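# Per-entry structural report
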Amino acid sequence: DIVGQKRGKRFEIAMHAQNNLRNCLYYGIDVAQIAKEGVLDIFYPDVSAFLPDELGPKDVLPEHVAEIMAATRGSGMKIIPFWAAERNLKAAPVRAAEFYKLGVAGLHPGHAAPYNASWQVMRRLGHESELSTLSSRMPEWERIVRFQTVAGMTIDLRSGVTTCG
């Protein structure tokens with residue numbers, strides 16, 4: 001609150017942890033108690049990449065988020081799942097709609113390395129209200145842009161950019 005007063009706006013406190021309540025408890029994180037005490041403003045369920053395989057699915061799934069939403073209901077804590085979107089543009093909006101139907105405050109594209117291709121899918125999904133129009137918006141990013149020079153260098157479509165090396 002002191003930081004927020006200095007900045008002239010609320011400074012929200014966030015945390016990301018495991019993909020479901022059981023896996024959070026495995027590491028000693030009681031999400032329900034944290035919500036009850038009002039310690040956090042935002043909770044990001046995240047992929048449980050480092051958990052032993054025998055503990056089950058590591059991805060953030062709607063059923064995991066549903067249990068987190070139930071455990072934190074009424075606390076005011078926002079739930080924003082880290083979700084590496086399917087690269088299938090027909091399946092991704094369906095899954096995104098499942099998350100939004102649960103009442104999440106948004107979706108985070110996660111942090112896959114070295115290149116987060118899911119971010120490219122998610123930014124095209126648009127806002128929750130635009131999910132149903134994805135197929136009609138596909139031409140926006142599927143058009144071919146032809147160019148012949150980059151920074152003054154001629155591009156030969158057979159051999160690429162001529163370089164000195």
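About the thresholds
- Residues numbered from 1 in each chain as written.
- Predicted model: local features only at pLDDT ≥ 70, side-chain atom pairs only at ≥ 80, totals over all residues.
- Heavy atoms only, no water.
- Buried < 20%, exposed > 50% of the residue type's maximum accessible area, 1.4 Å probe, protein only.
- Helix = DSSP H or I, 4+ residues; strand = E, 2+ residues; numbered from the N terminus.
- Pairing = 2+ DSSP bridges.
- Right-handed = clockwise from strand over helix to strand, strands pointing away.
- Core = buried A, V, L, I, M, F, W, Y, C linked by side-chain atoms within 4.5 Å.
- Lys, Arg positive; Asp, Glu negative; His and termini not counted.
- Salt bridge = Lys/Arg side-chain N within 4 Å of Asp/Glu carboxyl O.
- Polar contact = N/O pair within 3.5 Å; in protein donor to acceptor, adjacent residues only side chain to side chain.
- Contact = heavy atoms within 4.5 Å.

### Points about the pairing of strand β2 (residues 42–45)
Neither face of β2 is left uncovered, since the one carrying I42 and Y44 and the one carrying F43 and P45 both have all their residues buried. In this sheet, strand β3 (residues 78–79) lies alongside β2 in parallel orientation, the contact comprising 2 bridges. The residue of β3 that forms the bridge with I42 is K78. Chirality of the crossover, the property in question, places the unit of β2, helix α4 (residues 62–72) and β3 among those that are right-handed.

### Regarding the nonpolar core
Counting residues in each nonpolar core, the largest one holds 27 residues, and the members touching the most others are F43, W83, L107 and L125. Only α3 (31–37), α4, α5 (91–101) and α6 (117–125) provide two or more residues apiece to this core. A per-element tally of this core places α5 first, with 4 residues.

### A word on the side chain of D46
Relative to the helices and strands, D46 is located in the loop between β2 and α4. Of the buried charged residues, D46 lacks a salt bridge, with K58 as the closest side chain of opposite charge at 12 Å. Looking at D46, its side chain comes within polar contact range of the side chain of H16, at 2.8 Å.

### Thoughts on the environment of L125
Examined against the element boundaries, L125 turns out to sit in helix α6. In this structure the C-alpha to C-alpha distance between L125 and P93, which are 32 residues apart in sequence, comes to 6.5 Å. Sequence-distant contacts of L125, defined by excluding residues within four places in its chain, comprise W83, A92, P93, A96, E130, L131, L134 and R137.

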